[in-house]
Amino acid sequence: MITTAKSYKNTFVILIAVLLIIFFINISLGSVYIPLKGIIGSLFNGEVEKESWRAIVQNYRLPKAITAIIVGSGLSISGLLMQTLFRNPLAGPFVLGISSGASLGVAILILGASFLGANIASYAFTNFGLAFAASLGSFLVLSAVMIAAIKVRNTMSILIIGLMFGSLTSAVISILAYFSSASQLQQYMFWSFGSLGNLSWKEITALTITFLIGISFVIVIIKPLNSLLLGENYAKSMGVNVKRTRNFVLIATSLLTGVITAFSGPIAFIGLAVPHLTKLLFTTSNHKILLPAVAISGAIIMLICDSISQLPNSEYTLPINAITSLFGAPIIIWLLVRKRKIYY
Amino acid sequence: MSSTEKYIIKTSNLSIGYSSKKETTTIASNLNIRLKAGNMVGLLGKNGIGKSTLLRTLTKVQPALSGEVFINNKNLDSLTNNDLARTLSLVLTERLPDSSLTVFELVALGRQPFTNWIGYLTNDDMEIIQLAFEKTNTKHLMNSKCYELSDGQLQKVLIARALAQNTPIIVLDEPTAHLDLHHTVNTFSLLKNLASEFNKTIIISTHETNLTLQLADELWLMTPDKFISGKTDALIENNELELLFNSKLISFNKELKQFTISHS
């Protein structure tokens, strides 16, 4: 009998176990020390020594951990989709200017609020207003890159076009920043540092729903994504509707990246690096295995970065954006130098 | 069927080429191809004469300038992508993008037009894949990664993928371009077997003229002036091959069924 593709069941079991452990560690850490018993009690609504612990865990730490999981998975999946679609290992939400698009949307909303008038401005500063602006921004930039991609076949040129869109948007943001007040600027800066906290349960629900919608667009294109590994012409010859697949990738990535960036700020590195890390662990290009693997790894790495950023037992919290790059970039460089070529 | 003759590929007054907003470049026109199932066809012609354009038009990769293509008596334009994928499979010259697909996964992708939304392989699918491996003699490569293969192995595996697609027509664009004589002959005889044993229609564009003349049932010759199609023997007999290169340096030797280089 013919043997099917290598089974990665064990690796998945280990990954999920690691995810659960890191999840607990993440919730246990913070500026206030809470013993394990207190954590478990708060999580499952049991007995706790101090009621404040319950409040901290349920209203602050748990939402933050859930946000970390969604942000990590969503960005990593976006990165994987971009890398397959553009058949380029450098592709990712950041390189293609999608994150910059989200930043532009938010910048226009925060920094340009004075031009918009008071009514809009008061709505704008809710997290939902930011989410809408960021999604719109990332969708617009990604569409522009895609339109360019139809005209330009060379993937290298497409990446350069993406980078150019990125610098265009940063230029616009600089100009907006130049004419803004200090308080607006500070508000924008804080958003751009990235933050996983500060989300209410209502916002987490919105984030989760958008995440699930994005993921459902991805699940239906797993099969065509696999045939795209052979190039567009082969994919077409196997009956794949390339245009539809491309549009689905466009919708899924802009939903995922846009909404995540809106709620948590532009988080660098994850979208580009996690797919590569995952491909080192799972030496496969099969999206049926890669997609869940990338989602779980992304969640784990985001939770680790968040745990580090809280500087355990201290009152300070470092910007999450700094941590992802600070710890992530050297790991990728080390892996590339040590291990082997990464196939995308 | 009203007509007595059933053609697997038929074109009527087909014109091929490229058109943009500014201008239309016609590469060949008035192509009236009639091809019956189970034949191996060699598409011969000089570099740049339009062999790939013809294949791309016949396989719906690019639109025809005018005229019609019928596959199994159905107009090519009326076939959906998936219908076409169940009728016609491709082996292309282009390099595969880097990936860590295994040989098994690559060949199994050939089943995509038949599998469900997630690409689940049924027992029937597995049997067809198995057969594709056996026919191409590539079973031992199954668990290798595609990037580990030599050019010759990769070409066989790509043919296995087309076989797994289990289509009545297989179109190959210069399948032996990177291969040595040994692998070239192997590939050609494999294709010849597939045509005769499984009644597959196989269309190969190639520069291996001598080999093609020995093995192909039919020839499609693209010359600067006209398109000639017919049985290999008949074309040799009628001196049509002399037109292929239209050069003083190369002449066709009828007895040897070979092109020879003439010395001045």
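Please read all numbers here as calculations on a predicted model, not as lab measurements.

Let's talk about the overall build of chain B
Counting secondary structure elements, chain B contains nine helices and 13 strands. For 264 residues, the compact-globule formula gives about 18 Å, and the C-alpha radius of gyration of chain B, at 19 Å, lands near that figure. Counting only C-alpha atoms and orienting by the principal axes, one finds that chain B spans roughly 55 × 45 × 40 Å. Burial analysis of chain B (264 residues in total) assigns 40% to the buried set.

With respect to the confidence of the model for chain B
Low pLDDT marks stretches whose predicted atomic positions should not be read closely. All names here are of chain B. On average, residues of chain B score 91 in pLDDT, and 98% of them are at 70 or above. Averaged pLDDT values over the elements of chain B bottom out at 85 in helix 9 (residues 242-245) and peak at 97 in strand 9 (residues 201-205). Here the prediction assigns the complex a pTM of 0.89, and the interface score ipTM is 0.92.

Some remarks on the pairing of strand 10 (residues 218-222) of chain B
Residues and elements named next belong to chain B. Most of strand 10 is tucked away: four of the five residues are buried. In terms of strand pairing, strand 4 (residues 40-45) meets strand 10 through five bridges, oriented parallel. Looking across to strand 10, one finds that Gly45 is bridged to Met222. When strand 10 meets strand 11 (residues 227-231), the two strands line up antiparallel, connected through five bridges. Bridge pairing in strand 11 places Trp220 opposite Ser229. Linking strand 10 back to strand 11 in an antiparallel pair, the connection comprises four residues.

A closer look at the interface of chain B and chain A
Between chain B and chain A, the contact holds 29 residues from the first and 25 residues from the second. Of all the secondary-structure elements, those providing two or more residues to the side of chain B that touches chain A are helix 2 (81-85), strand 7 (88-91), helix 3 (103-109) and helix 4 (123-136) of chain B. Across the side of chain B that touches chain A, the residue classes break down as 15 nonpolar, eleven polar and three charged.

Concerning the nonpolar core
If you look at soluble globular proteins, the nonpolar side chains tend to sit buried side by side. Ranked by internal contacts, the top residues of the largest apolar core, which has 161 residues, are Val106, Met302 and Leu303 of chain A together with Val41, Val107 and Ile202 of chain B. Other than its neighbours up to four places away in sequence, Ile202 of chain B contacts Met40, Val41, Ile170, Leu191, Leu194 and Ala195 of chain B.

So, the sheet that holds strand 10 of chain B
By definition, the strands of a sheet pair up through backbone hydrogen bonds, in either a parallel or an antiparallel sense. Residues and elements named next belong to chain B. Strand order in this open sheet of six strands is 7-8-9-4-10-11, and the pairing throughout is mixed. Each having just a single partner strand, strand 7 and strand 11 make up the two edges of the open sheet. Averaged over all pairs of adjacent strands, the angle between their axes in this sheet comes to 15°, without regard to strand direction. Sheet analysis places strand 7 next to strand 8 (residues 169-173), joined by four bridges and oriented parallel. Considered in strand 8, the bridge of Val91 is made with Leu172. Sitting on the sheet, helix 5 (residues 151-164) touches strand 7 and strand 8, and the angle it makes with strand 7 is about 170°.

Some words on helix 1 (residues 51-58) of chain B
An α-helical turn contains 3.6 residues, so a residue and the one three or four places further along point in the same direction. Of all the positions in helix 1 of chain B, only Lys51, Leu54, Leu55, Thr57 and Leu58 of chain B are classed as buried. Projected onto a plane normal to the axis of helix 1 of chain B, the buried residues spread over an arc of 160° and lie on a single side.

Focus: the environment of Leu96 of chain B
By the element assignment, Leu96 of chain B lies in the loop between strand 7 and helix 3. Those residues in contact with Leu96 of chain B, other than ones at most four positions away along the chain, are Leu230 and Gly231 of chain A together with Cys146 of chain B.

What to know about the packing of helix 1 (residues 9-28) of chain A against helix 3 (residues 51-85) of chain A
All names here are of chain A. Direction vectors running N to C along helix 1 and helix 3 enclose 140°, while the axes themselves pass 9 Å from each other. Judged by the inter-axis angle, helix 1 sits oblique to helix 3. Two packed elements cross with a definite hand, and for helix 1 against helix 3 that hand is right-handed. Here Phe23, Asn26 and Ile27 of helix 1 come into contact with helix 3, specifically with Val57, Arg61, Leu62, Ala65 and Ala68. Its residues assigned to classes, the contact of helix 1 with helix 3 comprises six nonpolar, one polar and one charged.

Looking at the pairing of strand 5 (residues 66-71) of chain B
Residue and element names in this part refer to chain B. Where strand 1 (residues 9-19) meets strand 5, five bridges bridge the pair, whose relative direction is antiparallel. Along strand 5, the bridge assignment pairs Ser12 with Glu68. Direction of pairing for strand 5 relative to strand 6 (residues 74-75): antiparallel, over a ladder of two bridges. What sits directly across from Ile71, in strand 6, is Lys74.

Some thoughts on helix 2 (residues 36-43) of chain A
Residue and element names in this part refer to chain A. Residues of helix 2 that are buried include every one of Gly38, Ile39 and Ser42, and no others. On an axial view of helix 2, the arc spanned by its buried residues comes to 100°, and they lie on one face. Against the buried residues of helix 2 lie helix 1 and helix 3. Count one or two residues on from helix 2 and you reach Asn45, which has phi positive near 60°.

Side note on the environment of Val13 of chain A
All names here are of chain A. Mapped onto the elements of the fold, Val13 is located in helix 1. With 10 C-beta atoms packed within 10 Å, Val13 lands in the exposed category. Distance in space between the C-alpha atoms of Val13 and Ile333 is 27 Å, their sequence separation being 320 residues.

As for unusual backbone geometry
Residues and elements named next belong to chain B. Residues other than glycine seldom take positive phi values, yet Asn13 does so here, at roughly 45°. Within the secondary structure, Asn13 sits in strand 1. With 12 C-beta atoms packed within 10 Å, Asn13 lands in the exposed category. Located in the positive-phi region is Lys257, a residue other than glycine, with phi close to 55°. On the neighbour-count criterion, Lys257 (15 C-beta atoms within 10 Å) is partly exposed.

With respect to the confidence of the model for chain A
Residues and elements named next belong to chain A. Overall, the predicted model of chain A reaches an average pLDDT of 85, with 92% of residues at or above 70. Per-element confidence in chain A is highest for helix 15 (residues 287-309), whose mean pLDDT is 95, and lowest for helix 6 (residues 118-124), whose mean pLDDT is 55. Confidence drops under pLDDT 50 across residues 1-5; counting only partners more than four residues distant or on other chains, this segment forms seven contacts.

Parameters and conventions
Residues numbered from 1 in each chain as written. Chains lettered and ligands numbered in written order. Predicted model: local features only at pLDDT ≥ 70, side-chain atom pairs only at ≥ 80, totals over all residues. Helix = DSSP H or I, 4+ residues; strand = E, 2+ residues; numbered from the N terminus. Rg over C-alpha atoms; globule rule 2.2 N^0.38 Å. Buried ≥ 20, exposed ≤ 12 C-beta atoms within 10 Å, placed from the backbone. pLDDT = per-residue confidence, 0-100. Pairing = 2+ DSSP bridges. Contact = placed C-beta atoms within 7 Å. Nonpolar A, V, L, I, M, F, W, Y, C, P; charged D, E, K, R; others polar. Core = buried A, V, L, I, M, F, W, Y, C linked by C-beta atoms within 7 Å. Axes fitted to C-alpha atoms, helices over the stretch in contact; angles between N-to-C directions. Arc of directions from axis to C-beta. Parallel < 35°, antiparallel > 145°, perpendicular 65-115°, else oblique. Left-handed = near helix turned anticlockwise from the far one by under 90°.

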